[in-house]
Amino acid sequence: MFEAKHMLVVGAGVSGSAAARIGRQFGAAVTLSDAKAEKDLKEDFAPLRAAGVRLVFGPQEEQLLDGVDLVVVAPAVPVRIPLIKAAYQRGIRVISEVELAAELAQSPFYAVTGTNGKTTTVTLLGLLLKTKYGEEKTGVGGNIGIALSEEALRVGAGGAIAAEISSYQMEATQHFHPHAAAVLNVTPDHILRHGSMEVYQAMKERLFREETAGDLVVLNYDDVKTRGMKARVPEGVRVCYFSRKEAIAEGACLVDGTLVLRSGGEEVPLVTVDELGIKGPHNVENALAACALAYFAGCDPEKMRGVLRSFHGVEHRIEYFA
């Protein structure tokens, strides 16, 4: 895929370092650049040096682009910086680490975005998917602190990948195509990075814009901005909602204090709010979204019930400590 190519990776955090490793693995000449000094970064770069990655720290001059075929941008790096602008002007292909993951993947993505709740929802979704695909064939990655590209490679074919996707990751992403995508909510955030609320929301909506017939979009019915995204979902893509407040006909909702799935006139009860391992109204919403995605992926409701009861959340999120 990358053999005899010259790849420049911009941003030397978890995602950027993973992209550099993968580039070398597939035979590319790789330069990894970060505007920070090496001593100010947490990564151990010795393995990358040993693998033959050229490392450049500090000021990022345009000469870094000389001879480059592909630029991979880490999420922390805005596409508006001079180096990335120059890459676009030169006609060099620019992609995100998320798009790199999509090109490597042989299993479908079940992707989650939103201002709040992503990590809890994706962690729960990963556990639910494991009930069908097993530990080895279930990936969990993205904005959750695990490089999505490495998880895509690890899982290979015949599995499923739960992906946490932030607006930052979508800036340099054009063709990410999840099999199912959920948008949890949209509230003002990251405006300094994106410039406006409209651009921020547009980054979220990129999650589903490449979907096609047979794919799914799950939207939060209780959030006005999210509910309205249905108008921009590509034709032929199935849309369902999750709701904590309304008994919706298609999707996941609460009925008399029980989380239920509704599809094609059938209703599948899961667990009561009291039985749910994660607490708080917001976590009911997170669980409903995760269940809608998992059910679409073919997970067995009986096995899902066990996970919903046993999962008590992500560390440092609504934890009892005394």
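Being a predicted model, the structure only gives us computed values, none of them experimental.

Reading the values: the criteria
- Residues numbered from 1 in each chain as written.
- Predicted model: local features only at pLDDT ≥ 70, side-chain atom pairs only at ≥ 80, totals over all residues.
- Heavy atoms only, no water.
- Helix = DSSP H or I, 4+ residues; strand = E, 2+ residues; numbered from the N terminus.
- Rg over C-alpha atoms; globule rule 2.2 N^0.38 Å.
- Buried < 20%, exposed > 50% of the residue type's maximum accessible area, 1.4 Å probe, protein only.
- Contact = heavy atoms within 4.5 Å.
- Areas by Shrake-Rupley, 256 points an atom, 1.4 Å probe, with all protein chains shown as cover.
- Pairing = 2+ DSSP bridges.
- Axes fitted to C-alpha atoms, helices over the stretch in contact; angles between N-to-C directions.
- Polar contact = N/O pair within 3.5 Å; in protein donor to acceptor, adjacent residues only side chain to side chain.
- Salt bridge = Lys/Arg side-chain N within 4 Å of Asp/Glu carboxyl O.

(A) Inspection of the overall build of the protein at higher detail. When you go through the protein residue by residue, the secondary structure sums to twelve helices and 14 strands. Taking 2.2 N^0.38 as the reference for a compact globule, 322 residues should give roughly 20 Å; the C-alpha atoms of the protein span a radius of gyration of 20 Å, in line with that estimate. Within the span of the protein, comprising 322 residues, buried residues form 54% of the whole. Put simply, of all contacts in the protein between residues at least 6 apart along the chain, 60% involve residues at least 24 apart. As displayed, the protein has an accessible area near 14000 Å², and 51% of this comes from carbon and sulfur atoms.

(B) Structural detail: the environment of leucine 8. On the secondary structure map, leucine 8 appears in strand β1 (residues 6–10). Classification of leucine 8 by relative accessible area gives buried; the value is 0%. The spacing of leucine 8 and leucine 259 is 251 residues in sequence and 47 Å in space, taken between C-alpha atoms. Setting aside residues up to four positions removed in sequence, leucine 8 forms contacts with Thr31, Ser33, Leu64, Leu65, Val68, Leu70, Val71, Val72 and Leu83.

(C) Molecular detail of the sheet that holds strand β8 (residues 160–164). The nine strands lie next to each other as β7-β8-β6-β9-β10-β11-β12-β13-β14, forming an open sheet whose pairing is mixed. The two strands at the open ends of the sheet, each matched to only one other strand, are β7 (138–142) and β14 (266–272). Neighbour-to-neighbour, the strand axes of this sheet turn through a mean angle of 20°, independent of strand direction. Direction of pairing for strand β11 (residues 238–243) relative to strand β12 (residues 251–255): parallel, over a ladder of three bridges. Considered in β12, the bridge of serine 243 is made with cysteine 253. Sitting on the sheet, helix α12 (residues 301–310) is in contact with β13 (258–263) and β14, with an inclination near 25° to β14.

(D) Representation of the sheet that holds strand β4 (residues 70–73) within the structure. Taking strand neighbours across the sheet as the criterion, the five strands line up as β3-β2-β1-β4-β5 in an open arrangement whose pairing is parallel. Unpaired on one side and paired on the other, β3 (54–57) and β5 (93–96) mark the two borders of the sheet. Neighbouring strand axes in the sheet, compared pairwise and without regard to direction, differ in orientation by 20° on average. Where β1 and strand β2 (residues 29–34) come together, five bridges link them in parallel fashion.

(E) A look at the side chain of threonine 115. As for its placement among the helices and strands, threonine 115 is situated in the loop between β6 (109–113) and α5 (118–133). You can call threonine 115 buried: its relative accessible area is 10%. Reaching out from threonine 115, the side chain makes a polar contact with the side chain of tyrosine 200 at a distance of 2.8 Å.

(F) Focus on the pairing of strand β10 (residues 216–220). Among the five residues that make up β10, five are buried, leaving the element largely enclosed by the rest of the structure. Of the two faces of β10, the one holding Leu216, Val218 and Asn220 and the one holding Val217 and Leu219 are both buried throughout. When strand β9 (residues 180–183) meets β10, the two strands line up parallel, connected through four bridges. In the strand pairing of β10, alanine 182 is matched with valine 218. Relative to β11, β10 runs parallel, the two being bridged by five bridges. Directly across from leucine 219, in β11, lies its bridge partner tyrosine 241.

(G) View of the pattern of salt bridges. Tallied over the entire structure, the rule returns 15 salt bridges. Of the charged contacts, one joins arginine 90 and glutamate 62 as a salt bridge, the two residues approaching to 3.2 Å between their closest N and O atoms. Placement of arginine 90 in helix α3 (residues 82–90) and of glutamate 62 in the loop between β3 and β4 is noted, with a sequence separation of 28 residues between them. Residue classification places arginine 90 among the partly exposed positions, given a relative accessible area of 39%. A salt bridge links glutamate 99 to arginine 93; its shortest N-O distance comes to 4.0 Å. Owing to a relative accessible area of 38%, arginine 93 belongs among the partly exposed residues under this scheme. What emerges from the salt-bridge pattern is a single network uniting Glu62, Asp66 and Arg90.

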